[in-house]
Amino acid sequence: MLRLFRFLFGYVKFTYTKGFCEDFLNLCREENIHLWRVRRLADGLCAVCSVRTYKRLHRLVRTSGGVTKIYRKAGLPFILPVFNRRLGFFTGALAFVMIIALLSSFVWNVDIVGCENISEATIEDYLKQNGLAQGAMWGVIDREKIAWQMLADFDSLSWAHINKNGAHAVVELREAEAPQEEYDENILEGINAFRKTLETTAQREQSSISLANSRDYYTLSFFMLKIPLYTNMRRGDITASSTKNIKILSKELPVGVTVTTQQSLESKSYLLNDEELEALVMKKLKDLEALELDEYEIVSASYDTSIDESSAKAQGNYVLRYR
C-alpha cells in the first residue's frame, strides 16, 4: 500500500552536495521531514522523498549550505502530462478496449462436442429454446442449470457441461454406453470346449498413400467478419483448420487468425512376393484372432495357407474353452 500511495502522489530522487550532510539531516528531523533510501556519496548524499516534501527542502538546503538536484522523477503526476499530448490516441485505445469488452459479453458462436447418436441440430434447437444461442448475453445464461436440464430431458446423455471460451460457448456432451449383453450362466454350464474356424484373405496388389503436397491458407477473423488472405483455395484430400485468437488479460477475444491446411495425397500400387503375401495374410489372421477370440481360452490351434497369382488365404482351426 505504501508503494501504491507513493506512485499515486509522485516522488523524486535527488542528490545533496556542497554542504554539511549532518546538518541537513538534523534539520530534516527537526522539521519532521521524511526521507527514505538515504545513501552516502563521495561528495554528499542521495535520497528519495515525495513531491510535496521536496518543495519544503529549499529552506533547509540553504541553511545547511548545500545544493539539491533531482535526477529522477516517478509516479502518476509525471506520467499524466505525457498522456495529455496524445489524448486522442489513448482515448481511442480505451474506447477500443471497452468495445471489445462489451462485444465479448455476448455469445458469438456455439460449438457442440461429443454428439454421436443425437444430432447437433437437435441440441442446437434445444439450447436456443433455453436461451443459449448466438447473440445472447453471457450474464443472463445459467450454464449449470441448462446442463442439468439436458441430462433430465435426454435419457441417452450421461454427462453435459457448458464452458465459456472467450466469446465462444463450448457444449461438451457424453452419451451413455449401451448395456452389455448378459449371458445366462445356466446355458454355459457343463460346456468344456468347442471348435471354431476363422478365415481371412489378402491381395497381392497393395497400395500405399503418401503426402504429395501441403499448403496453408490464412484468414483474418474480426468478430463475425472473415477476411481471406488468399485469392483461390485449392481443395485437397485432407482439410484441417486451427484458429488462434488474441488474448487480453487472459480473456480470449473473437479476433485472430484461422489457418486452413489443404493436403493432397498420392496413391502408389505395388505387388508382394509370396513370402510377403504369406506374412501379410497371417498377420491379418492373428489380428482377427485377437479380436474374435479374446474372451476364450485357446486350447489348441492349427493354421493353413494357400497362395495363388492374385491373393492368399489363411485359415485357423481352434479348440476353445470359456474362461
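Residues numbered from 1 in each chain as written. Predicted model: local features only at pLDDT ≥ 70, side-chain atom pairs only at ≥ 80, totals over all residues. Heavy atoms only, no water.

A. Representation of helix α8 (residues 143-153) in the model. Residues Ile 146, Ala 147 and Met 150 constitute the buried set of α8. Within α8, the buried residues cover an arc of 100° as seen down the axis, which keeps them to one side. For α8, exposure combined with an orientation more than 90 degrees from the buried face picks out Glu 144, Trp 148 and Ala 152. (Buried < 20%, exposed > 50% of the residue type's maximum accessible area, 1.4 Å probe, protein only. Helix = DSSP H or I, 4+ residues; strand = E, 2+ residues; numbered from the N terminus. Arc of directions from axis to C-beta.)

B. Here's a closer look at the environment of Asn 109. By the element assignment, Asn 109 lies in strand β5 (residues 109-113). Taking the relative accessible area as the measure of exposure, Asn 109 reaches 24% and is therefore partly exposed. Note: C-alpha distance between Asn 109 and Ala 279 (170 residues apart in sequence) is 51 Å. If we ignore the near neighbours within four places in the chain, the residues touching Asn 109 are Gln 134, Ala 167, His 168 and Ala 169. A polar atom in the side chain of Asn 109 sits 3.5 Å from the side chain of Gln 134. (Contact = heavy atoms within 4.5 Å. Polar contact = N/O pair within 3.5 Å; in protein donor to acceptor, adjacent residues only side chain to side chain.)

C. Expanded view of helix α2 (residues 21-30). Buried within α2 are the following residues: Cys 21, Phe 24, Leu 27 and Cys 28. Down the axis, α2 shows its buried residues gathered within 130° of arc, on one side only. Away from its buried face, by an angle of more than 90 degrees, α2 presents the exposed residues Arg 29 and Glu 30. Considering only its buried residues, α2 is in contact with β1 (11-17), β2 (36-40), β3 (44-50) and α4 (57-64). Following α2 by one or two positions, Asn 32 adopts a phi angle in the positive range, close to 60°.

D. Region of the structure containing the side chain of Thr 260. Along the chain, Thr 260 turns up in strand β12 (residues 251-271). Among the polar contacts listed, one links the side chain of Thr 260 to the side chain of Ser 241, at a separation of 3.4 Å. Filtering out sequence-adjacent residues up to four positions away, Thr 260 remains in contact with Arg 215, Asp 216, Tyr 217, Met 233, Thr 239, Ala 240 and Ser 241.

E. Structural context of the packing of helix α7 (residues 120-129) against α8. Close contact between α7 and α8 brings their axes to 11 Å; oriented N to C, the two are set at 130°. Classed by the angle they form, the pair α7 and α8 counts as oblique. In the crossing of α7 with α8, the sense of the turn from one axis to the other is right-handed. Between α7, through Ile 123, Tyr 126 and Leu 127, and α8, the contact on the second element is made entirely by Ile 146, Gln 149, Met 150 and Asp 153. (Axes fitted to C-alpha atoms, helices over the stretch in contact; angles between N-to-C directions. Parallel < 35°, antiparallel > 145°, perpendicular 65-115°, else oblique. Left-handed = near helix turned anticlockwise from the far one by under 90°.)

F. Expanded view of the layout of surface pockets. What the largest pocket holds in volume is close to 230 Å³. Lining the largest pocket we find Leu 2, Phe 5, Arg 6, Phe 9, Gly 10, Trp 36, Ser 50, Val 51 and Arg 52. Listed by contribution, the elements that provide at least two residues to the lining of the largest pocket are α1 (2-9) and α3 (51-55). The greatest single-element share of the lining of the largest pocket, amounting to four residues, is contributed by α1. Broken down by class, the residue content of the lining of the largest pocket amounts to five nonpolar, two polar and two charged. (1 Å grid on protein atoms, 1.4 Å probe; cavity = no way out; pocket = protein on both sides within 12 Å on 5 of 7 lines; lining within 4 Å. Points joined across faces, edges and corners; volume = space filled by probe spheres on them. Nonpolar A, V, L, I, M, F, W, Y, C, P; charged D, E, K, R; others polar.)

G. Structural detail: the side chain of Thr 68. As for its position among the elements, Thr 68 is in strand β4 (residues 67-74). By relative accessible area, Thr 68 is classed as buried at 18%. Engagement of the side chain of Thr 68 in a polar contact is seen with the side chain of Tyr 54, the distance being 3.2 Å.

H. Main features of the pairing of β2. In the sheet, β2 pairs with β3 via three bridges, with the strands oriented antiparallel. Bridge pairing in β3 links Trp 36 to Val 48. (Pairing = 2+ DSSP bridges.)

I. Summary view of a nonpolar patch on the surface. A cluster of nonpolar side chains, contributed by Phe 96, Val 97, Tyr 218, Leu 220, Phe 222, Leu 225, Ile 227 and Leu 229, occupies part of the molecular surface with about 720 Å² of accessible area. Listed by contribution, the elements that provide at least two residues to the nonpolar patch are α6 (87-103), β9 (205-222) and β10 (225-228). The leading source of residues in the nonpolar patch is β9, at three residues. (Patch = residues over 30% accessible without salt bridge, like charges linked within 9 Å, V, L, I, M, F, W, Y side chains within 5 Å. Areas by Shrake-Rupley, 256 points an atom, 1.4 Å probe, with all protein chains shown as cover. Salt bridge = Lys/Arg side-chain N within 4 Å of Asp/Glu carboxyl O.)

J. Local environment of the nonpolar core. Residues Ile 123, Leu 127, Leu 132, Met 150, Val 171 and Leu 173 are the most contacted members of the largest nonpolar core, which totals 20 residues. Secondary structure elements with two or more residues in this core: β5, α7, α8, β6 (157-165) and β7 (168-175). In this view, Leu 173 contacts Ile 112, Val 113, Gly 114, Cys 115, Ile 123, Met 150, Leu 157, Trp 159 and Ala 160; residues no more than four positions away in its chain are not counted. (Core = buried A, V, L, I, M, F, W, Y, C linked by side-chain atoms within 4.5 Å.)

K. Structural view of the sheet that holds strand β11 (residues 238-248). What the four strands build is an open sheet, ordered β10-β9-β12-β11; its pairing is antiparallel. Here the strands that pair on one side only, and so sit at the sheet edges, are β10 and β11. Neighbour-to-neighbour, the strand axes of the sheet open up by a mean angle of 35°, direction not taken into account. For β9 and β10, the ladder comprises four bridges, and the chain directions are antiparallel. Residue pairing across strands places Ser 221 opposite Lys 226, the latter belonging to β10.

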